[in-house]
Amino acid sequence: MPFTLKSQSPLLKQKLSPKAAKDKAARDLAYAKTDDRRTKKAHSQRMHRKHPGNKGKDYDHEDGRFESVKQNRGNEGEGTKKESGKKYKIK
């Protein structure tokens, strides 16, 4: 049997029922469209246009600099629960 690559991501997709997947998609979209998320996304895009050499990195709104995806989304090894609800610098 030949080897087939199912996904490029090392993360496994959540196994959700069709109804649960639809509900989750609606929740995720609602969160992505909040004023705070839209502001952060717009700011991050502005910073990437200003500094094109940082391709493949995330803009960290807590530290005000570009970081690797692993570093930023993991909160410098602290996990993400402590970060919840913080106010970040957005210029």
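Report on the accompanying structure. No experiment lies behind these values; they were computed from the predicted model shown.

Thoughts on helix H2 (residues 35-50)
Reasoning step 1: In a regular helix each residue adds 1.5 Å, so 16 residues correspond to 22 Å; H2 covers 23 Å between its end C-alpha atoms and thus fits that length.
Reasoning step 2: For H2, the full list of buried residues reads Lys40, His43, Ser44 and Met47. Relative to the axis of H2, the buried residues are bounded by an arc of 100° and lie together on one face. Residues of H2 that are exposed and angled more than 90 degrees away from the buried face: Asp35, Lys41 and Arg49.
Reasoning step 3: Check the buried side of H2 and you find it contacts strand E1 (57-60) and strand E2 (65-68).

Regarding the packing of aromatic side chains
The relative placement of two aromatic rings is captured by the distance of their centres and the angle of their planes.
Reasoning step 1: In this structure the tally under the stated criterion is 1 aromatic pair.
Reasoning step 2: Taking 5.2 Å as the distance between ring centres and 75° as the angle between the ring planes, the aromatic pair formed by Tyr59 and Phe66 counts as edge-to-face. In this pair, the class of Tyr59 matches that of Phe66, namely buried.

Some thoughts on the pattern of salt bridges
Reasoning step 1: Here the structure, examined in full by the defined rule, presents 5 salt bridges.
Reasoning step 2: We note a salt bridge from Arg65 to Asp63, for which the minimum N-O separation is 3.6 Å.
Reasoning step 3: Residue classification places Arg65 among the partly exposed positions, given a relative accessible area of 45%.
Reasoning step 4: Through salt bridges that share partners, Asp63, Arg65 and Glu67 make up one connected network.

Side note on the pairing of E1
Reasoning step 1: Strand direction decides the pairing type here: E1 and E2, joined by 4 bridges, are antiparallel. Of the residues in E2, the one forming a bridge with Lys57 is Ser68.

Cut-off values and rules
Residues numbered from 1 in each chain as written. Predicted model: local features only at pLDDT ≥ 70, side-chain atom pairs only at ≥ 80, totals over all residues. Heavy atoms only, no water. Helix = DSSP H or I, 4+ residues; strand = E, 2+ residues; numbered from the N terminus. Expected span 1.5 Å × (residues − 1). Buried < 20%, exposed > 50% of the residue type's maximum accessible area, 1.4 Å probe, protein only. Arc of directions from axis to C-beta. Contact = heavy atoms within 4.5 Å. Phe/Tyr/Trp six-rings, centres within 6.5 Å; stacked < 30°, edge-to-face > 60°. Salt bridge = Lys/Arg side-chain N within 4 Å of Asp/Glu carboxyl O. Pairing = 2+ DSSP bridges.

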